[in-house]
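Close look at the chain arrangement
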Amino acid sequence: MKIFKIGLLVSVALMLVACGGGGGSSTATTVTPTAPDSGNAAVTVNLAADYGSGSSFAGLDDSRSSIPSVLSFCLGTASDNPGYVAGMDCDSDGGVVAYVDPTGFKVAIKRLALVMSDNTKVDLIADTGTLANAEVLDLANPVELNISEIPKGVYSGFYAELYYYDLTMPLYSTTDSEIRVMLSDDDFPAEGSLGNHQGDVKLKNGAGDFNFVAAGLTWVESNLDVVRPSDIGGASSDDTETGHDRGLYGNDDLWNLTQFMQGADQDIFVNEASLGLSGITVGDAGGTITMTFDLNDSWYYEDFDANGIFEPCSGGGGLEACSAGAEWSPVFPGISFSLSN
């Protein structure tokens with residue numbers, strides 16, 4: 001089974017993470033606005049998901065996930081990866097590049113902050129303390145955060161600690177399933193030893209619970225593990241610091257990156273990214289800040305039977321997400337910020 005590394009590693013226009021590095025504690029000042037202050041401005045902060053087909057990023061056509069699918073020719077060693085336009089087959093294995101546009105998106109956020117030009121972090125969602133207490137936002141509709149003002153000034157980036165996200169999308173049929181991608185590891189005493197590791201993929205069952213998907217089996221309820229097995233069977237080796245088995249999703253190119261090496265007792269997914277050259281300037285008038293997750297093309301796979309449906313270990317004679325060359329990957333949504341008065 002070949003599993004493509006997670007699509008979260010370039011700038012906010014192309015990938016989400018690498019622009020600012022990240023992964024661990026910061027010495028930057030943190031501000032949580034409370035009482036009215038002459039240096040603050042009134043704001044409304046909304047989080048939203050865009051399920052449409054337009055582009056939020058100039059020049060990226062209608063491909064709005066963190067890896068825009070705009071390449072129409074094969075690069076370097078022949079392989080199929082996110083970024084190629086649908087229908088290509090650079091590795092000539094009969095599986096063509098395909099994408100899914102989810103119809104639902106939920107995200108669990110441990111902390112979310114805007115970063116000022118002097119590196120001060122201004123919390124939009126204050127640190128919840130543990131991953132289990134992360135704020136879970138269902139972005140079927142925009143969600144307004146519980147914040148009324150922030151300091152005036154120039155905001156150059158954002159900082160986020162993410163627990164997991166859920167995608168609602170077709171699986172084996174036109175009937176939607178809910179897939180959870182674990183970004184952080186909660187299997188530590190300080191987190192409650194809850195049994196989830198980075199890269200785990202879980203599927204919502206008929207009772208509404210999320211159970212573990214194992215390698216080499218179809219993603220159906222009868223094959224799910226209620227308790228995480230000691231070896232899930234993914235493409236990555238064990239975490240060298242924690243000793244934890246990584247999940248079904250991702251490989252060493254992802255999980256061994258410096259930002260995920262946080263010591264023997266923590267593995268929190270930290271995102272830091274720029275808001276572009278000019279950032280966002282909050283003046284006296286304040287306004288409405290909207291953070292948008294753009295979901296077009298946010299699930300990538302190789303389609304071996306040309307039916308346009310992700311069928312792991314089943315479609316095309318069991319090739320999709322099961323054979324040695326059958327790549328697949330959740331591709332993190334692109335993120336954009338806007339300020340309106």
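Residues numbered from 1 in each chain as written. Predicted model: local features only at pLDDT ≥ 70, side-chain atom pairs only at ≥ 80, totals over all residues. Heavy atoms only, no water.

What follows is about empty space enclosed by the protein. All told, the structure shown has one cavity of 30 Å³ or more when counted by the stated rule. Estimates place the volume of the largest cavity at around 30 Å³. Taken together, Ile109, Leu112, Phe158, Ala160, Leu162, Met291, Phe293, Phe332 and Ile335 make up the lining of the largest cavity. For the lining of the largest cavity, the secondary-structure elements that each account for two or more residues are strand S4 (104-116), strand S9 (153-170) and strand S15 (287-294). For the lining of the largest cavity, the element with the most residues is S9, which contributes three residues. Across the lining of the largest cavity, the residue classes tally to nine nonpolar, no polar and no charged. (1 Å grid on protein atoms, 1.4 Å probe; cavity = no way out; pocket = protein on both sides within 12 Å on 5 of 7 lines; lining within 4 Å. Points joined across faces, edges and corners; volume = space filled by probe spheres on them. Helix = DSSP H or I, 4+ residues; strand = E, 2+ residues; numbered from the N terminus. Nonpolar A, V, L, I, M, F, W, Y, C, P; charged D, E, K, R; others polar.)

So, about the nonpolar core. Soluble, globular proteins show a tendency: their nonpolar side chains are buried together. In this structure, Leu47, Ile150, Trp219, Trp299 and Trp328 are the most contacted members of the largest nonpolar core, which totals 60 residues. Residue contributions to this core peak at seven residues, all from S9. (Core = buried A, V, L, I, M, F, W, Y, C linked by side-chain atoms within 4.5 Å. Buried < 20%, exposed > 50% of the residue type's maximum accessible area, 1.4 Å probe, protein only.)

So, about the state of the cysteines. One pass over the structure, following the stated rule, counts two disulfides. In this model cysteine 74 forms its disulfide with cysteine 90; the gap between the sulfur atoms is 2.0 Å. Since a negative S-S torsion denotes a left-handed disulfide, the cysteine 74-cysteine 90 link at about -95° is left-handed. Here cysteine 74, found in the loop between strand S2 (40-50) and strand S3 (96-100), pairs with cysteine 90, found in the loop between S2 and S3; they are 16 residues apart in sequence, far enough to count as distant. Here cysteine 313 engages in a disulfide with cysteine 322; their sulfurs sit 2.0 Å apart. Handedness here is read from the sign of the S-S torsion; for cysteine 313 and cysteine 322, about 85°, the answer is right-handed. Bonded cysteines in the protein are paired 1-2, 3-4 when counted in the order they occur along the chain. (Disulfide = S-S within 2.5 Å.)

Now for the sheet that holds S3. If you walk across this open sheet you meet the three strands as S3-S16-S17, and the pairing is antiparallel. A strand with exactly one partner marks an edge of an open sheet, and here the two such strands are S3 and strand S17 (328-330). On average, adjacent strands in this sheet sit at an angle of 25° to one another, irrespective of strand direction. Of the pairings in the sheet, the one linking S3 to strand S16 (residues 299-303) comprises five bridges and is antiparallel in character. Along S16, the bridge assignment pairs valine 97 with glutamate 302. (Pairing = 2+ DSSP bridges. Axes fitted to C-alpha atoms, helices over the stretch in contact; angles between N-to-C directions.)

Residue serine 92 is not a glycine yet carries a positive backbone phi of 50°. Mapping serine 92 onto the fold places it in the loop between S2 and S3. Given the relative accessible area of 64%, serine 92 is considered exposed.

Let us now look at the packing of aromatic side chains. Following the criterion strictly, the structure yields 17 aromatic pairs and no others. Look at tyrosine 99 and tyrosine 300: their rings are 5.8 Å apart centre to centre, the planes differ by 55°, and that puts the pair in the tilted class. Taken together, the residues span a long stretch of sequence, with tyrosine 99 in strand S3 and tyrosine 300 in strand S16 at a distance of 201 residues. For tyrosine 99, a relative accessible area of 14% corresponds to the buried category. A residue is classified by how much of its surface remains accessible, and tyrosine 300, at 0% relative accessible area, is buried. Three or more aromatic residues joined by ring pairs form one cluster here, namely Trp219, Tyr249, Trp299, Tyr301, Phe310 and Trp328. In this structure, arginine 180 packs its charged tip against the face of tyrosine 164, placed 3.8 Å from the ring centre. (Phe/Tyr/Trp six-rings, centres within 6.5 Å; stacked < 30°, edge-to-face > 60°. Lys NZ or Arg CZ within 6 Å of the ring centre and 35° of its normal.)

With that settled, the discussion passes to the confidence of the model for the protein. Per-residue confidence for the protein gives a mean pLDDT of 84, with 85% of residues at or over 70. The model gives residues 54-63 a pLDDT under 50, and that stretch makes 28 contacts with residues more than four places away or in other chains. (pLDDT = per-residue confidence, 0-100. Contact = heavy atoms within 4.5 Å.)

On to the pairing of strand S5 (residues 121-125). Taken across its five residues, S5 has five buried, putting it largely inside the fold. Taken together, the four bridges between S4 and S5 define a ladder with antiparallel strand orientation. Across the sheet, valine 115 pairs through a bridge with lysine 121, a residue of S5. Taken together, S4 and the strand that follows it, S5, pair antiparallel across an intervening segment of four residues, in which asparagine 119 is found at a positive phi of about 80°.

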